[in-house]
Amino acid sequence: MGRRIAAFLLLAAACAAQPADPRLAWYSHDKFGMFIHWGPYSLLAGEYKGQRTPIGDEAEWIMQRFNIPVKEYREMARGLRPLKFDAAEYVRLAKAAGMKYIVITAKHHDGFAMYRSKVSSYNIADWTGWGRDPVDELSKECRKAGIRFCVYYSHREDWDDPDGYGNNWDYDRAGKNFARYLENKSKPQLRELLTNYGPLGLVWFDRGMETDQQASEFVQIVRTLQPACLVNGRVGNYGHELMGDYQNMGDNGMPTGGLDEYWETPQTLNTTWGYSKFDQEWKTPAGVIHRLVEIVSKGGNYLLNIGPMADGVIPPPSVAVLKKVGAWIETNGESIYGTSACPAEFTWGRCTVKGEKVYLHVFNWPADGILRVSGFNNRTRAAYAVNNPSRKLQVGRDNDVITIAAPVTGRDEIDTVVALEIEGRLSVRPSLVTQGSDVPIELDYMRAQTTGKAAKRFNRDGKFHISKWTGPADSAAWRIRVSQAGPYRVRVRYAARPTWAGSEYRVKVGGQLLTARVAATGEWYAYKTFDVGSIDIAKAGEYEVSIRPVADSDHDLMYFQSLILEPAGVKMMVE
Ligand code: H79
């Protein structure tokens, strides 16, 4: 590889575009939160008149699943008297599990408020005669314990309100006045939550609001009443640009690689969110720990759900799993909290980074007991297992590969964390994209090195792409090895909004330049593939490929998905 290319790519690896917003500091530090789905559906527990919600179906959707009439569901909800609910115990469990924030369903899609609401008497304190407010009790216990308290509020869906979204079995869709639901119930209830329970860490909206205008009004209510409170990515329409403070994956989702923006995945401990007596498919402690590490290694947060029973008791199997997870975190928490993504993956596990330390998470020890780490440019200082810091492990180098001798005793069956002290900030060699013979080389967003403001991102509709680039300093680059010399057609796959049309961008392959203008593809994420010209690769070898805006502008260049180099003569499908 040429020295200039190497220097460029090292720089690229060091400049991941992660804007530092102080409001998100606690969130990016804490990594692991507890989600609680609890409501009248917990009483049905996955069964209505002898019919069961199938496994994999979500028990909190039971009202919709069986089209239970509002009148009947309301009568059923009167029976929700969680006499065994103990907020302090919930918070103790979250703490024992290593979770740093709690998000509870203040109102799910069924429309029932799990707190004392003046807006609607259809709430747990007033409707049931129980007289207590679990949201209030939890918020106070959280504050005492140093856990961030947060609420889930289903702002769009409401199967109880005649004007809410989703119930078309009791109410005629044509007769609904959705704006009236927003003004009379959804917004006033959100204001109650932001006013009556002290500082909230975040509000977790769901299902995406219809219009950007409506969504921004919800964001505005949060900003006005609690400026420090975060808003999750589902506040706005899933098919539009992100409106909240961070992006959410789909339910139980996982990105294929790291992203350059804050993100979170909501996942559940079994297969339902609300309690179901039929669902015993619990994840194992190892499963949870491996997911946690994978998420954190990709720069995300893990919001893990439990579904308490109607009486307030947390299902014992979930308590058992969470306590085991917590025991591992108790020892290894420094490799999770306050770390950042590590742009490398290994056959034996994953890594996380903090300052001049890389935490190597060993899920499977290699048979010869030697941990091999390739791709790191840094010199090393020392290594030790986090569960036994005083015993140093032998570190060596085999060409470009760092080798670490496994600890003989004290390995953790689930994940032994080895701390590797390095010189300076971690610098990782970008992976080389190699070409098979006669097939197009596809350079996608995920394998790109981004510079400047260019960021790898997620959207619910178009999935992953690179965006936020507005000028020549913002680019995506790859290192490729071409095995076949000759002419290549260059294609770019992207989506562009109408107002972005006409901007120039430049594709560089080795020393060759191609310039093209962005074409509009649709209102939002309508990805299309465009031919930008052809280049000649004189000889097989390694090249650098990049794409960037030609000039500064006040808008995004494009939602980029991939750049394709197609050897002339190879036919390719183009949508
Ligand atoms: O609160 C949890 C879910 O109830 C909620 N998000 C998480 C955090 C959620 N809202 N919408 N969705 C999940 C997606 C909807 C999926 C559905 Fe279905 C498919 C609804 C009807 C068909 C799954 C299968 C639920 C009922 C049947």
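Residues numbered from 1 in each chain as written. Predicted model: local features only at pLDDT ≥ 70, side-chain atom pairs only at ≥ 80, totals over all residues. Heavy atoms only, no water.

**So, the state of the cysteines**
Part 1 of the reasoning: Under the counting rule described, the total for this entry stands at 1 disulfide.
Part 2 of the reasoning: For Cys 342, the disulfide goes to Cys 351, at an S-S distance of 2.0 Å. Given an S-S torsion of about -80 degrees, the disulfide between Cys 342 and Cys 351 has left-handed geometry. The same class applies to Cys 342 and to Cys 351, which are both buried.
Part 3 of the reasoning: Not engaged in a disulfide, the cysteine Cys 142 finds its nearest cysteine sulfur in Cys 150; these two sulfurs lie 8.0 Å apart.
Part 4 of the reasoning: The cysteine Cys 150 is free of any disulfide, with Cys 229 supplying the nearest cysteine sulfur at 7.3 Å.
Part 5 of the reasoning: On the basis of relative accessibility, which here comes to 0%, the residue Cys 150 falls in the buried class. (Disulfide = S-S within 2.5 Å. Buried < 20%, exposed > 50% of the residue type's maximum accessible area, 1.4 Å probe, protein only.)

**A look at the pattern of salt bridges**
Part 1 of the reasoning: Considering all chains together, one arrives at 36 salt bridges under this definition.
Part 2 of the reasoning: The shortest N-O distance in the salt bridge between Asp 158 and Lys 185 comes to 3.0 Å. Taken together, the residues span a long stretch of sequence, with Asp 158 in the loop between β5 (148–153) and α8 (178–196) and Lys 185 in helix α8 at a distance of 27 residues. You'll find Asp 158 and Lys 185 in the same group, each marked buried.
Part 3 of the reasoning: Two residues, Lys 187 and Glu 217, come together in a salt bridge whose shortest N-O distance is 2.5 Å. One end of the pair, Lys 187, is in helix α8; the other, Glu 217, is in helix α9 (residues 212–225), with 30 residues separating them in the sequence.
Part 4 of the reasoning: Overall, the relative accessible area of 5% leaves Lys 187 in the buried class.
Part 5 of the reasoning: One salt-bridge network, in which partners are shared between bridges, spans Asp 21, Arg 23, Arg 223 and Asp 245. (Salt bridge = Lys/Arg side-chain N within 4 Å of Asp/Glu carboxyl O. Helix = DSSP H or I, 4+ residues; strand = E, 2+ residues; numbered from the N terminus.)

**Overview of the pairing of strand β20 (residues 441–444)**
Part 1 of the reasoning: Going residue by residue along β20, you find Ile 441 and Leu 443 tucked away on one face and Glu 442 and Asp 444 left uncovered on the opposite face.
Part 2 of the reasoning: Note that β20 and strand β30 (residues 559–567) share 4 bridges and pair antiparallel. Across the sheet, residue Leu 443 finds its bridge partner in β30, namely Leu 563. (Pairing = 2+ DSSP bridges.)

**Comments concerning the site of the ligand**
Part 1 of the reasoning: Lining the immediate environment of the ligand, one finds 14 residues, of which His 37, Glu 60, His 108, Asp 206 and Asp 251 sit closest.
Part 2 of the reasoning: Measuring from an oxygen atom of the ligand, one finds a side-chain N or O atom of Glu 60 at 2.5 Å.
Part 3 of the reasoning: Take His 109: an N or O atom from its side chain is 3.1 Å from a nitrogen atom of the ligand.
Part 4 of the reasoning: For the shell around the ligand, the class distribution of residues is 4 nonpolar, 3 polar and 7 charged. (Near = heavy atom within 4 Å. Polar contact = N/O pair within 3.5 Å; in protein donor to acceptor, adjacent residues only side chain to side chain. Nonpolar A, V, L, I, M, F, W, Y, C, P; charged D, E, K, R; others polar.)

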